[in-house]
Amino acid sequence: MRNAMSDHGTLSGMRRLLAADFARILHQTTGGKPTARLRRLMHLLLPAMQVAILHRTAHLLHGRGWRRSAALVADLSLRLTGASLHPGSRVGPGLFVPHPARVAFCATAGADLTLLPGTLVGPRDWVLPDQPFPADGPDLGDGAIVGAHAAIQGSVAIGAGATVGIAVCSLRDVPAGTVTMIAQRQVRSPRRPQGTIHGR
């Protein structure tokens, strides 16, 4: 697989990232079934695709030093979709924000990131879109899922394939391939025998 980070900072790279975003959104909404061309094109109007287009544009502008223009695009995303992604956030291909209402993101993430409604991912002290990207933002691995109304704050690492569950507030690292839940305050690892539970 192409190194996702190599696609950041160039117009051609942005097009590749958007193509991957569109392919994932299409797969998630159709289940991978063949669809008519017109229906495929209509997916460009979905809020999830609007979030991807606006963030990729803002990130490109931010990377070229046009922070004010990038902040304006990020603000447009907030007004149109309800999602606020810091322009400096580096996100790999396959970004999927199905319901972007009240999503706030200021972090680094790998491929196939999923952000559900009401999520907050960023540093302890939030920064505005026109400010430099913070050094203490979270780092999310490939395939990470942030559940509805969950929060990830500070310089923490969320492993590849990990899920931060609904309404969980995570202030420390989450191992790869695990699911963090708030109700039981524990982490379940699917790689261990069924019934094995590690307390948080």
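Just above, that's the structure.
Reading the values: the criteria
- Each chain has its residues counted from 1, following the order in which its sequence is written.
- Residue-level local features of this predicted model are given only where pLDDT is at least 70; pairs of side-chain atoms are given and counted only at 80 or more, and the full residue set underlies all totals for whole chains, interfaces and linings.
- Side-chain numbers come from the whole structure's heavy atoms, not from hydrogens or water.
- A pair is scored as a salt bridge if a Lys or Arg side-chain nitrogen falls within 4 Å of a carboxyl oxygen belonging to Asp or Glu.
- What counts as a helix is a DSSP run of H or I of at least four residues, what counts as a strand is a run of E of at least two, and both are numbered from the N terminus.
- Only protein chains enter the accessibility calculation, which uses a 1.4 Å probe. A residue is then buried if its area is under 20% of the maximum for its type, exposed if over 50%, and partly exposed in between.
- To obtain each axis, a line is fitted to C-alpha atoms, and for helices this fit is confined to the stretch in contact; angles are then taken between N-to-C directions over 0 to 180 degrees.
- An angle below 35 degrees is treated as roughly parallel, one above 145 as roughly antiparallel, one from 65 to 115 as roughly perpendicular, and anything else as oblique.
- In this scheme the crossing of two helices becomes right-handed for a clockwise turn of the near helix relative to the far one and left-handed for an anticlockwise turn of less than a right angle.
- Contacts were defined at the residue level, with two residues in contact if any of their heavy atoms lie within 4.5 Å.
- Think of it as three bins: nonpolar holds Ala, Val, Leu, Ile, Met, Phe, Trp, Tyr, Cys and Pro, charged holds Asp, Glu, Lys and Arg, and polar takes everything else, Gly as well.
- When DSSP finds two or more bridges between two strands, those strands count as paired.
- We define a nonpolar core as any set of buried Ala, Val, Leu, Ile, Met, Phe, Trp, Tyr and Cys residues linked to one another through side-chain atoms lying within 4.5 Å.

### Let's talk about the pattern of salt bridges
Here comes step 1: The final tally for this structure, using the stated rule, is two salt bridges.
Here comes step 2: Residue Arg-79 pairs with Asp-75 through a salt bridge whose shortest N-O separation is 2.8 Å. Placement of the pair is Arg-79 and Asp-75 together in helix H4 (residues 67-81), with a separation of four residues, close to one helical turn.
Here comes step 3: Residue classification places Arg-79 among the exposed positions, given a relative accessible area of 66%.

### A few points about the packing of helix H1 (residues 11-30) against helix H3 (residues 47-63)
Here comes step 1: Where H1 contacts H3, the axes come no closer than 10 Å and their chain directions differ by 165°. Relative to H3, the element H1 lies roughly antiparallel. Seen along the crossing, H1 lies across H3 with a hand that is right-handed. Of the residues in H3, those in contact with Leu-11, Met-14, Leu-17, Leu-18, Asp-21, Phe-22 and Ile-25 of H1 are Ala-48, Met-49, Ala-52, Ile-53, Arg-56, Thr-57 and Leu-60.
Here comes step 2: The residue makeup of the contact of H1 with H3, split by class, is eleven nonpolar, one polar and two charged.

### Regarding the environment of Ala-52
Here comes step 1: Here Ala-52 lies in helix H3.
Here comes step 2: The spacing of Ala-52 and Leu-85 is 33 residues in sequence and 9.8 Å in space, taken between C-alpha atoms.
Here comes step 3: If we skip the residues at most four places from it in the chain, Ala-52 touches Leu-18, Asp-21 and Leu-95.

### Brief notes about unusual backbone geometry
Here comes step 1: Non-glycine residue Arg-102 carries a positive phi angle of around 60°.
Here comes step 2: Structurally, Arg-102 is set in the loop between strand E1 (83-85) and strand E2 (103-105).
Here comes step 3: The phi angle at Ala-167 is positive, at roughly 65°, despite the residue not being glycine.
Here comes step 4: Structurally, Ala-167 is set in the loop between strand E10 (163-164) and strand E11 (169-170).

### Describing the sheet that holds strand E8 (residues 151-153)
Here comes step 1: Spatially, the five strands line up as an open sheet ordered E1-E2-E5-E8-E11, and their pairing is parallel. For this open sheet the edge positions go to E1 and E11, each flanked by a neighbour on one side alone.
Here comes step 2: In the sheet, strand E5 (residues 120-122) pairs with E8 via three bridges, with the strands oriented parallel. When the bridges of E8 are listed, Leu-120 appears paired with Ala-151.

### Quick notes on the environment of Thr-114
Here comes step 1: Locating Thr-114 in the fold gives a position in strand E4 (residues 114-115).
Here comes step 2: Exposure remark for Thr-114: the relative accessible area of 7% places this residue in the buried category.
Here comes step 3: Apart from residues no more than four positions distant in its own chain, Thr-114 is found in contact with Arg-24, Phe-96, Ala-144, Ile-145 and Val-146.

### Quick notes on the sheet that holds strand E6 (residues 139-140)
Here comes step 1: Sheet architecture is open: three strands sit in the order E3-E6-E9, paired in parallel fashion. Edge positions in the open sheet fall to strand E3 (108-109) and strand E9 (157-158), since each of these has one partner strand only.
Here comes step 2: Of the strand pairs in this sheet, E3 and E6 are connected by two bridges, and their pairing is parallel. Note on E6: the bridge partner recorded for Ala-109 is Leu-140.

### Quick word on the nonpolar core
Here comes step 1: Counting 34 residues, the largest nonpolar core has Phe-105, Leu-113, Leu-115, Val-121, Leu-140, Ile-152 and Ile-158 as its most contacted members.
Here comes step 2: Elements with a minimum of two residues in this core: H1, H3, E1 and E2.
Here comes step 3: Once residues within four sequence positions are removed from consideration, Leu-113 is found in contact with Arg-24, Val-91, Gly-94, Leu-95, Phe-96, Phe-105, Leu-140 and Ala-144.
Here comes step 4: Within the second largest apolar cluster, five residues are counted, among which are Leu-54, Ala-58, Leu-61 and Val-73.

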